[in-house]
Amino acid sequence: MIDLLETCLSRINEEYAEMRGHTRRVLSVVVKDGQIEAVVKGLNRGVCARALVDGSWGFSSTTIIDKKSLHSILMDARSLAYSSKPLKKRYVKIAPVKPHVDEYETRMKKDPRSEDIECFVEEVLDADSEARNYSEKVASTTLNLSIVDDEIFFVNSEGARIKQRIVRCFGAARIIARSKGNIASAYESVGRQGGLEVFEETSLRDAALKAASRAVRIAPKRVVPGGYYNVVLEDKIVGLLAHEAVGHTAEADLVYVGSFLSNKMGEKVASEMVTLIDDGLFPYGFGTMKYDDEGVPAGKTVIIDKGIVRSFMHSRETASQFGAAPTGNARAWSFEYDPIIRMRNTYIKPGDWTVEELIEDVKDGYLLRGVGGGQADFNGEFMFTVQEAIRVRNGELKESYRGAAMSGNAFDVLSNVDGVGRDFKMHIGICGKEQPNYVGIGGPSIRTRLLVGGR
């Protein structure tokens, strides 16, 4: 593939051009209420070309992989760049990057391509059975496991020649329980970048039983009383907050159009206890790769350092606009998409508090656990649902509630942080900015103050 792409690029003499080949192999099993709902085994393969001509981009892709078709999409990309020139709002330049010739492959103990995966379906069925038998209050179960095996080939007119293979193994359990006329759902996910050993280290069975336990526990509970409270947020909620409500405001394309962090470089926007990082090389992270889809090395970007804004996430284009260095954040879901600025593994750095220490100073508040849904905008305003709220009175855990929500401005929440735990965890996620992509979200438990919604 690399040789074929290079041959096509050698035939043109443009200002800048790149080609990216992508092969995605997918195996996925879904079981619902004890029945196999879907078994999917698929292959998606194609190539795209992008050309920069006189300050304008052109992009084209194909699933037909031969010299004629690849030369055709390269010519199409060039033609589209020329034709878009009259409509462009700004002249595009890209920051210089050293061209790399390199390979990267996910570290694995059990490569899915060489291992027997016939037991894959049985594993999901067994986990589903245990979840359904956990309690008579369990009303419905949905479990899934997936393997996504990506091969990405990148060449450009500057001499880059990169091959990467990224393997992700992951799954999830959603359990619905019914009690006293009420229903409640709980969700737990497992997985990371790696081979089939991931399912031994992060068991779907354990996730299913944890979700079942929570759903059964909260189903008969009352809806949480609303109000402004001191709260302790568990690690998964902190990861979601770091990604959705804060991380997007630091993506340079959104900074450019006026996100919350626009014009705040060097300013204090959070407690000095808060350091927020986007890391493309986090060990086994769901968003880890050695190079982004522009061939830029994926390093660690410290966005907020001890409460102060220090950096944004950049593509080569925005790096040139901002006079900054590219950060390796240009990513594409597949060959059908051009790369845009995306997070990789975004997290809040751990502190040195235990969860018990975070709770013991709360006089009247909540411990919030379990992520539901929600939304956030690029001003940092958010609203997330939470699976379980446990009342804290004078440092002691009391009754549980269901149906909680948390809302506010993420930077107000981070400014109110007065305790950061050491119980750091990295979780899996799929971000939906314009096109989906795999990301890691993480952090420790934190103590802060925010609006808790309920009845």
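In case you missed it, the structure is sitting above this.
Source: prediction; values computed, not measured.

The rules behind each value
- Residue positions within a chain follow its written sequence, with the count starting from 1.
- Totals for whole chains, interfaces and linings use all residues, but because this is a predicted model, local features are given only for residues with pLDDT of at least 70 and pairs of side-chain atoms are given and counted only at 80 or more.
- Hydrogen atoms and water are omitted, and side-chain values are computed over all heavy atoms in the structure.
- Aromatic rings from Phe, Tyr and Trp, taking only the six-membered ring of Trp, are treated as a pair when their centres fall within 6.5 Å; an angle between ring planes under 30 degrees marks them as stacked, one over 60 as edge-to-face, and anything in between as tilted.
- Helix numbering and strand numbering both begin at the N terminus, where a helix is a DSSP run of H or I of at least 4 residues and a strand a DSSP run of E of at least 2.
- Buried, partly exposed and exposed residues are distinguished by accessible area as a fraction of the type maximum, computed with a 1.4 Å probe on protein chains only: under 20%, between the cut-offs, and over 50%, respectively.
- A ring has a charge above it when a Lys NZ or an Arg CZ is no more than 6 Å from the ring centre and no more than 35 degrees off the ring normal.
- Note that patches include only residues with greater than 30% relative accessible area and no salt bridge, and the join distances are 9 Å for like charges and 5 Å for nonpolar side chains (Val, Leu, Ile, Met, Phe, Trp, Tyr).
- The protein chains shown are the only cover counted for residues, whose accessible areas, like all others here, come from Shrake-Rupley with a 1.4 Å probe.
- The working definition used for a salt bridge is a side-chain nitrogen of Lys or Arg within 4 Å of a carboxyl oxygen of Asp or Glu.
- Positive charges come from Lys and Arg, negative ones from Asp and Glu, while His and the chain ends are left out of the count.
- Charged groups are reduced to one reference atom each: NZ for lysine, CZ for arginine, CG for aspartic acid, CD for glutamic acid.
- Here a polar contact is recorded for every N or O atom pair within 3.5 Å, except that within protein the pair must consist of a potential hydrogen donor and a potential acceptor, and residues adjacent in sequence are included only if both atoms are side-chain atoms.
- Contact definition: two residues touch when any of their heavy atoms are within 4.5 Å.

Chemist: Please clarify how the packing of aromatic side chains should be interpreted in this entry.
Modeler: Given two aromatic rings, their pairing is described by the distance between the two centres and the angle made by the two planes. Evaluated as defined, the whole model comprises 14 aromatic pairs. Aromatic pair F286 and Y438: ring centres 5.3 Å apart, planes at 75 degrees, arrangement edge-to-face. Residue F286 is found in the loop between β9 (276–279) and β10 (300–305), and its partner Y438 is found in strand β21 (residues 437–443); the two are separated by 152 residues along the sequence. Judged on exposure class, the residue F286 and its partner Y438 are both buried. Members of the aromatic cluster, each reached through a chain of ring pairs, are F170, F286, W333 and Y438. In this structure, R192 is placed above the aromatic ring of Y284, and the distance from its NZ or CZ to the ring centre is 4.3 Å. Across from the ring centre of F260, 4.5 Å away, lies the NZ or CZ of K264, which sits over that ring.

Chemist: In this structure, what is going on with a negative patch on the surface? I would like to understand it.
Modeler: Residues D352, E356, E357 and E360 make up a contiguous surface patch of negative charge. Tracing the backbone shows E357 in helix α9 (residues 355–360).

Chemist: Would you mind going over the side chain of R50 with me for this structure?
Modeler: Along the chain, R50 turns up in strand β2 (residues 35–53). Separated by 2.8 Å, the side chains of R50 and E18 make a polar contact. A polar contact is formed between the side chain of R50 and the side chain of E294, at a distance of 2.9 Å. Excluding anything up to four places from it in sequence, R50 contacts Y16, A17, E18, W57, G58, F59, A77, E294, D338 and P339.

Chemist: For this particular structure, what's the right way to read unusual backbone geometry?
Modeler: Glycine aside, residues mostly have negative phi, and peptide bonds are mostly found in the trans state. One non-glycine residue, D54, lies in the positive phi region at around 50 degrees. Tracing the backbone shows D54 in the loop between β2 and β3 (56–62). Here D54 falls in the partly exposed class, since its relative accessible area comes to 33%. The backbone of N263 sits at a positive phi, close to 65 degrees, despite the residue not being glycine. Along the chain, N263 falls in the loop between α7 (252–256) and β9.

Coordinates in, geometry out; function isn't part of it.
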